[in-house]
Structure formats: structure tokens, C-alpha cells
Amino acid sequence: MPRTLLGEAEAAARRTGDTKVGQFNLLDLAVCKISVSRVLGNYGTAVDHARQVDPARIVMRRARYWEDTALALHGRGRLQATFQALLAAERDTPQALRRAGRTPGGAL
């Protein structure tokens with residue numbers, strides 16, 4: 001079911017174009033794929049999706065990208081990579097992580 005819904009979302013994003021700011025686009029969808037895969041326990045798939053995303057291009061959900069990527073890496077048992085992702089999150093989106101109470105030294 002999630003795969004079907006993600007496929008429909010991708011088709012819609014492709015039809016509407018990928019350039020309008022504030023409109024759901026293929027980059028947003030890629031970040032959603034990381035989240036969905038992680039929640040379903042498909043950590044390897046989530047990590048694969050994360051590798052395909054340039055976090056510098058993410059406007060609205062960059063903290064979510066880092067959080068889901070770190071959790072997926074942790075799910076794969078890649079603890080050093082998990083910590084590196086959390087450090088990258090702290091450097092990249094410190095305000096969002098502190099607001100949510102999530103920092104490398106805090107609870108994730």
C-alpha cells in the first residue's frame with residue numbers, strides 16, 4: 001500500500017513539475033520515501049533513498065531528512081555513520097533540532 005501511494009505521489013509531482021517553491025515536489029517526495037521506509041523497518045531502503053538526496057537542496061524538511069537518515073543508519077547497525085549524521089544535523093539545522101529537543105547529546 002505505501003509503495004502504491006508513493007508511486008501516485010511521484011506521478012502527481014512529475015505532472016505538476018519540480019520547480020515551484022512551496023509546492024510538493026520530487027525532492028519532498030524523496031524525503032518522504034526515507035521516512036516511510038524507516039517507519040516500515042526497511043532501513044536499507046531508507047539509507048538508499050537518503051543517498052539519492054542532496055540535503056543542501058532541501059528547503060522545508062532538512063531536519064527530518066537528517067533525523068530519518070540517522071535512525072535508518074542506526075537500524076542498520078551503522079553506529080559511527082549514525083553519529084556522523086547527527087553531527088551533520090547539528091551543523092546544518094541546529095535551530096530545528098534544539099526546538100525539537102533532539103541533539104547528538106540529547107535524546108533522539
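In the block above lies the structure referred to throughout.
Nothing here was measured: the structure is a model prediction, and the numbers come from that model.

Draft legend 1. Region of the structure containing the packing of helix α4 (residues 62–75) against helix α5 (residues 79–92). Packing of α4 against α5 leaves a shortest axis separation of 8 Å and a crossing angle of 170°. Overall, the two elements α4 and α5 adopt an arrangement that is roughly antiparallel. For the pair α4 and α5, the contacting residues are R62, W66, A70, L73 and H74 in the first and L79, A81, T82, A85, L86, A88, A89 and D92 in the second. Looking at side-chain class alone, the contact of α4 with α5 contains nine nonpolar, two polar and two charged residues.

Draft legend 2. Main features of the nonpolar core. If you look at the biggest cluster of nonpolar residues, it comprises 18 residues, and the most contacted ones within it are I34, V53, I58, Y65, W66 and A85. For this core, the secondary-structure elements that each account for two or more residues are α2 (26–39), α3 (43–51), α4 and α5. A per-element tally of this core places α4 first, with five residues. When neighbours within four sequence positions are excluded, I34 is seen to be in contact with A46, H49, A50, V53, Y65, D68 and T69.

Draft legend 3. Region of the structure containing α5. Here α5 contains 14 residues, and its C-alpha end-to-end distance of 20 Å stays within 8% of the 20 Å for a straight helix at 1.5 Å per residue. Every buried residue of α5 is listed here: T82, A85, L86, A88, A89 and E90.

Draft legend 4. Summary view of the side chain of S37. Mapped onto the elements, S37 comes out in helix α2. Within the structure, S37 has its side chain in polar contact with the backbone oxygen of K33 (distance 2.9 Å). What S37 contacts, discounting residues up to four positions off in sequence, is N42, Y43, T45, A46 and H49.

Draft legend 5. Layout of the environment of A13. Mapped onto the fold, A13 is located in helix α1 (residues 2–16). Its relative accessible area of 2% is what places A13 among the buried residues. As a C-alpha pair, A13 and L27 span 14 residues in sequence and 9.4 Å in three-dimensional space. Apart from residues no more than four positions distant in its own chain, A13 is found in contact with N25 and L26.

Draft legend 6. Structural detail: the packing of α3 against α4. Running from amino to carboxyl end, α3 crosses α4 at an angle of 140°, the nearest separation of the two axes being 8 Å. With respect to α4, the element α3 is oriented oblique. Crossing hand, α3 versus α4: left-handed. Residues Y43, A46, V47 and A50 of α3 form the contact with α4, whose own contacting residues are Y65, T69, L71, A72, L73 and G75.

Conventions used here
- Residues numbered from 1 in each chain as written.
- Predicted model: local features only at pLDDT ≥ 70, side-chain atom pairs only at ≥ 80, totals over all residues.
- Heavy atoms only, no water.
- Axes fitted to C-alpha atoms, helices over the stretch in contact; angles between N-to-C directions.
- Helix = DSSP H or I, 4+ residues; strand = E, 2+ residues; numbered from the N terminus.
- Parallel < 35°, antiparallel > 145°, perpendicular 65-115°, else oblique.
- Contact = heavy atoms within 4.5 Å.
- Nonpolar A, V, L, I, M, F, W, Y, C, P; charged D, E, K, R; others polar.
- Core = buried A, V, L, I, M, F, W, Y, C linked by side-chain atoms within 4.5 Å.
- Buried < 20%, exposed > 50% of the residue type's maximum accessible area, 1.4 Å probe, protein only.
- Expected span 1.5 Å × (residues − 1).
- Polar contact = N/O pair within 3.5 Å; in protein donor to acceptor, adjacent residues only side chain to side chain.
- Left-handed = near helix turned anticlockwise from the far one by under 90°.

Shape descriptors only; they carry no functional weight alone.
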